[in-house]
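# Summary of structural features
Each chain is listed here by its residues.
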Amino acid sequence: MDEIGFLQDLLSIPSVSGEEDALAVHLVKTMAGLGFDAGRDEAGNVIGAVGRAAAERTVVLLGHMDTVPGHIPVRLEGDRLYGRGAVDAKGPLAAFVLAAAQVAPRLAGTRLLVIGAVEEEAQSRGALHLARTLPPPTWAIIGEPSDWQGITLGYKGVLSLGYRLVQPNGHTAGAEPGPAQEAVRVWNELAAYAEEYNQGRTGRFERIEPALHTMRTFGDGLQQGVEMGITVRLPPGVLAADLELHLQQWCDGADLTVRQSAPAYRSEKNTPLVRALLRAIRAAGGRPRFKLKTGTADMNVVGPVWNCPMVAYGPGDSALDHTPAENINIVEFQRSIEVLANAVETLAS
């Protein structure tokens, strides 16, 4: 199969979160043509299977079909393929499909599932459905960019919130603070809490990192209000529910809406899965390295439920996630296919 052409086709089909149907139809058809038993589950996830249904071992390659908004014309410039989702995460998903198709005849007693999940960029609806319905596999690889020589062992947790406060209109010379001042006070409380927790913690994976990404004031002459959007990246050991309780206390009557909440997740390093990937990267001429990510992924959702050896792996530079210059190096993409096929075959044997 034309590997680059396959990825170009995926990039050419828009699939913003919640609008993955066209891509899902294409993916099911393509996977069926490659010998997969392919279809969609109740959530809309695409699942393609190869190997015996009653196999004693199962490997899940879990990618996602959706992207953030923003059209990037699909084009090949030298050894770089541009397009929305090239890195996050159609490149890793395409590598999963192609590697699984290569290794399918040599799976022996292993069942291999390649999954394109829906809405990872929103609320991980597809992964939440899989966590409830799919039996824990023997091993799992999450399709996210790590570059072809990188193995991601963990992701920070997240608490994403909306803050809203509306008060009767008051004079700026009045004694009572207005909604904007109250919002700033809440933000300062959160920032101070994070600063105190972070004392002595130098690595970003171990720190609480709050971000104020939106803020607006509004009014109609009778009432005045403020809205904030806050996202807090959480290290292992800090529970979103505990931080939410602090925020409720600081908010003093304002409306606080939780938009996303997920715990941090970090997997073990000394597992057959990690050893297979290390061996495969070295066999392809690479120098493997471990990574811990400050964002979140579907690993945060399925990791604590499946509780199996798990990593994230895939081609691409994660610094290009969501950017207008999103692109993938096609040599790296092809090497990642080789690594994945080698690692899965090692696990199967």
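What counts, and where the lines are drawn
Residues numbered from 1 in each chain as written. Predicted model: local features only at pLDDT ≥ 70, side-chain atom pairs only at ≥ 80, totals over all residues. Heavy atoms only, no water. Helix = DSSP H or I, 4+ residues; strand = E, 2+ residues; numbered from the N terminus. Rg over C-alpha atoms; globule rule 2.2 N^0.38 Å. Buried < 20%, exposed > 50% of the residue type's maximum accessible area, 1.4 Å probe, protein only. Contact = heavy atoms within 4.5 Å. Areas by Shrake-Rupley, 256 points an atom, 1.4 Å probe, with all protein chains shown as cover. Core = buried A, V, L, I, M, F, W, Y, C linked by side-chain atoms within 4.5 Å. Salt bridge = Lys/Arg side-chain N within 4 Å of Asp/Glu carboxyl O. Expected span 1.5 Å × (residues − 1). Phe/Tyr/Trp six-rings, centres within 6.5 Å; stacked < 30°, edge-to-face > 60°. Lys NZ or Arg CZ within 6 Å of the ring centre and 35° of its normal. 1 Å grid on protein atoms, 1.4 Å probe; cavity = no way out; pocket = protein on both sides within 12 Å on 5 of 7 lines; lining within 4 Å. Points joined across faces, edges and corners; volume = space filled by probe spheres on them. Nonpolar A, V, L, I, M, F, W, Y, C, P; charged D, E, K, R; others polar. Patch = residues over 30% accessible without salt bridge, like charges linked within 9 Å, V, L, I, M, F, W, Y side chains within 5 Å. Pairing = 2+ DSSP bridges. Axes fitted to C-alpha atoms, helices over the stretch in contact; angles between N-to-C directions.

### Regarding the overall build of the protein
A tally of regular secondary structure across the protein gives nine helices and 16 strands. Relative to a compact globule of 349 residues, whose C-alpha radius of gyration would be 20 Å, the protein shows 22 Å and is just as compact. Over its C-alpha atoms, taken along the principal directions, the protein stretches across nearly 75 × 40 × 40 Å. When each of the 349 residues of the protein is scored for burial, the buried share is 52%. When contacts within the protein are restricted to residue pairs at least 6 apart in sequence, those whose partners lie at least 24 apart make up 79%. Carbon and sulfur atoms make up 49% of the accessible area of the protein, which totals about 15,300 Å².

### Digging into the nonpolar core
In terms of nonpolar packing, the biggest core is built from 57 residues, with L27, L112, V114, I141 and F333 touching the most fellow members. Ignoring sequence-local partners within four residues, the contact set of L27 consists of F6, L10, V46, M65, L93 and V97. Grouped together as the second largest cluster of nonpolar side chains are 23 residues, W187, I208, L234 and W250 included.

### Focus on the pattern of salt bridges
Overall, the coordinates contain 15 salt bridges when judged by the stated rule. Between K291 and D147 there is a salt bridge, with the nearest N and O atoms lying 3.4 Å from each other. Taken together, the residues span a long stretch of sequence, with K291 in strand β14 (residues 289-293) and D147 in the loop between β7 (139-143) and β8 (150-155) at a distance of 144 residues. Taking the relative accessible area as the measure of exposure, K291 reaches 21% and is therefore partly exposed. The network of salt bridges with shared partners includes D147, R289 and K291.

### Considerations on helix α3 (residues 90-103)
Here α3 contains 14 residues, and its C-alpha end-to-end distance of 20 Å stays within 8% of the 20 Å for a straight helix at 1.5 Å per residue. In terms of burial, α3 is a largely internal element, twelve of the 14 residues being buried. Residues of α3 that are buried: K90, G91, P92, L93, A94, A95, F96, V97, L98, A99, A100 and V103.

### Some points on the packing of aromatic side chains
To describe a pair of aromatic rings, you give the distance between the ring centres and the angle between the ring planes. Enumeration over the complete set of coordinates arrives at one aromatic pair. Between the NZ or CZ atom of R75 and the centre of the ring of Y82, over which it lies, the distance is 4.2 Å. It is R201 that lies over the ring of Y197; its NZ or CZ is 3.9 Å from the centre.

### What about the layout of surface pockets?
Of the pockets and cavities examined, the largest pocket occupies roughly 920 Å³. As for the largest pocket, its lining consists of 36 residues, and the residues nearest its centre are E121, R233, G295, T296 and H322. Sorting the residues of the lining of the largest pocket by element identifies β9 (157-168), β10 (209-219), β11 (223-234), β12 (255-262) and α8 (299-306) as the ones contributing at least two each. Looking at the lining of the largest pocket residue by residue, the class counts come to twelve nonpolar, 14 polar and ten charged.

### What about a nonpolar patch on the surface?
A cluster of nonpolar side chains, contributed by V184, L212 and M215, occupies part of the molecular surface with about 230 Å² of accessible area. Here L212 is to be found in strand β10.

### Quick word on the side chain of Q149
Tracing the backbone through its elements, the reader meets Q149 in the loop between β7 and β8. Since its relative accessible area comes to 18%, Q149 is described here as buried. Not counting chain neighbours up to four residues away, the residues in contact with Q149 comprise I281, G286, R287, P288 and R289.

### Some words on the sheet that holds strand β5 (residues 80-82)
Ordered in space as β4-β5-β16, the three strands form an open sheet in which the pairing is antiparallel. A single partner strand is all that each edge strand has here, and the edge strands are β4 (75-77) and β16 (327-329). The mean inter-strand angle of the sheet, taken between neighbouring strand axes irrespective of direction, is 25°. One ladder, built from three bridges, connects β4 with β5; its direction is antiparallel. Note on β5: the bridge partner recorded for E77 is R80. Running at roughly 20° to β5, helix α1 (residues 3-12) makes contact with β4, β5 and β16 of the sheet.

### Here we look at the sheet that holds β9
Two orientations exist for strands paired in a sheet by backbone hydrogen bonds: parallel and antiparallel. Pairing within the open sheet is antiparallel, and its four strands lie in the order β10-β11-β9-β12. Of all the strands in the sheet, the pair left with one neighbour each is β10 and β12. Averaged over all pairs of adjacent strands, the angle between strand axes in this sheet comes to 10°, irrespective of strand direction. As judged from the seven bridges shared by β9 and β12, these two strands associate in the antiparallel manner. Directly across from V158, in β12, lies its bridge partner A262. In the packing of helix α5 (residues 179-198) onto the sheet, the strands contacted are β9, β10 and β11, and the crossing angle to β11 comes to about 15°.

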